[in-house]
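Structural overview
Take a look at the letters that make up each chain.
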Amino acid sequence: QVQLVESGGGLVQAGGSLTLSCAASGSTNTIIGIGWYRQAPGKQRELVADINSAGRRNYADSMRGRCTIFRDNAKNTVTLQMNSLKPEDTAVYYCKADAQSSTWYTYQYWGQGTQVTVSS
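The following paragraphs examine the structure supplied in this document. In this text, all values refer to a predicted model and were calculated from it rather than measured experimentally.

Rules behind the numbers
One numbering rule holds for all chains: residues counted from 1, following each sequence as written. For this predicted model, a pLDDT threshold of at least 70 governs which residues receive local features, and a threshold of 80 or more governs which side-chain atom pairs are given and counted, while totals over whole chains, interfaces and linings are taken from all residues. Heavy atoms throughout the structure, all of them, feed into the side-chain values; hydrogens and water do not. If DSSP finds at least two bridges between two strands, the strands pair. Note on conventions: DSSP H or I runs of at least 4 residues are helices, E runs of at least 2 residues are strands, and numbering of each starts at the N terminus. To obtain an axis, a line is fitted to C-alpha atoms, over the contacting stretch when the element is a helix, and the angle between two such axes runs from 0 to 180 degrees between their N-to-C directions. Remark: exposure states derive from per-residue accessible area (1.4 Å probe, protein chains only) relative to the maximum for the residue type, with buried under 20%, exposed over 50%, and partly exposed in between. Side-chain rings of Phe, Tyr and Trp (the six-membered ring for Trp) are treated as a pair once their centres are within 6.5 Å; stacked means planes under 30 degrees apart, edge-to-face means over 60, and tilted covers the remaining angles. In our convention, an over-ring charge means Lys NZ or Arg CZ found within 6 Å of a ring centre and within 35 degrees of that ring's normal.

1. Brief notes about the sheet that holds strand β8 (residues 77-82)
Spatially, the four strands line up as an open sheet ordered β1-β3-β8-β7, and their pairing is antiparallel. For this open sheet the edge positions go to β1 (2-7) and β7 (67-72), each flanked by a neighbour on one side alone. When strand polarity is set aside, the average angle formed by the axes of neighbouring strands in this sheet is 15°. With six bridges connecting them, β1 and strand β3 (residues 18-26) associate as antiparallel partners. Note that in β3 the partner of Gln3 across the bridge is Ser25.

2. A closer look at the pairing of strand β11 (residues 114-119)
Residues Thr114, Val116 and Val118 point to one face of β11 and are all buried, whereas Gln115, Thr117 and Ser119, pointing to the other face, are not buried. Pairing between strand β2 (residues 10-13) and β11: four bridges, direction parallel. Across the sheet, residue Leu11 finds its bridge partner in β11, namely Thr117. Summarising the sheet, strand β9 (residues 91-100) and β11 pair through three bridges and their orientation is antiparallel. Across the sheet, the residue bridging to Val92 is Gln115, located in β11.

3. Considerations on the packing of aromatic side chains
If you walk through the whole model with that rule in mind, you get three aromatic pairs. Ring geometry for Tyr94 and Trp110: centres 6.4 Å apart, planes at 85°, overall edge-to-face. With Tyr94 in strand β9 and Trp110 in strand β10 (residues 106-110), this residue pair connects regions lying 16 residues apart in the sequence. Taking relative accessible area as the criterion, Tyr94 reaches 15% and is therefore assigned buried. Joined through ring pairs, the aromatic side chains of Tyr37, Tyr94 and Trp110 make up one cluster. The positively charged end of Arg45 is found above the aromatic ring belonging to Tyr94, 3.8 Å away from the centroid. In this arrangement the basic side chain of Arg45 is found over the ring face of Trp110, its NZ or CZ atom lying 4.6 Å from the centre.

Below, the structure is given as structure tokens:
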């Protein structure tokens, strides 16, 4: 099993920056990919950014150029650095990991979420 704990959320002004951190514990050696999703009230949860074990990164179109994801396997942490934040970035941000549970299956683990609020 994998446990994920997020931190770093808070209130920032539009145009500001914020860094979110996710600490993974448990069977961290089974993690294939890890990333960040967000969900605003009344909206579907959506990908912000993720990174796989080879270091390949994906970014949401709305965030590309405004955020960077880092993974430190030795410390079992993943960090999301966000810049030029906009009010529409306001959401609960969740850390998510895909772990190899068997040869044929993967399992998703989610953190508890951290609130990010961007004021106008």
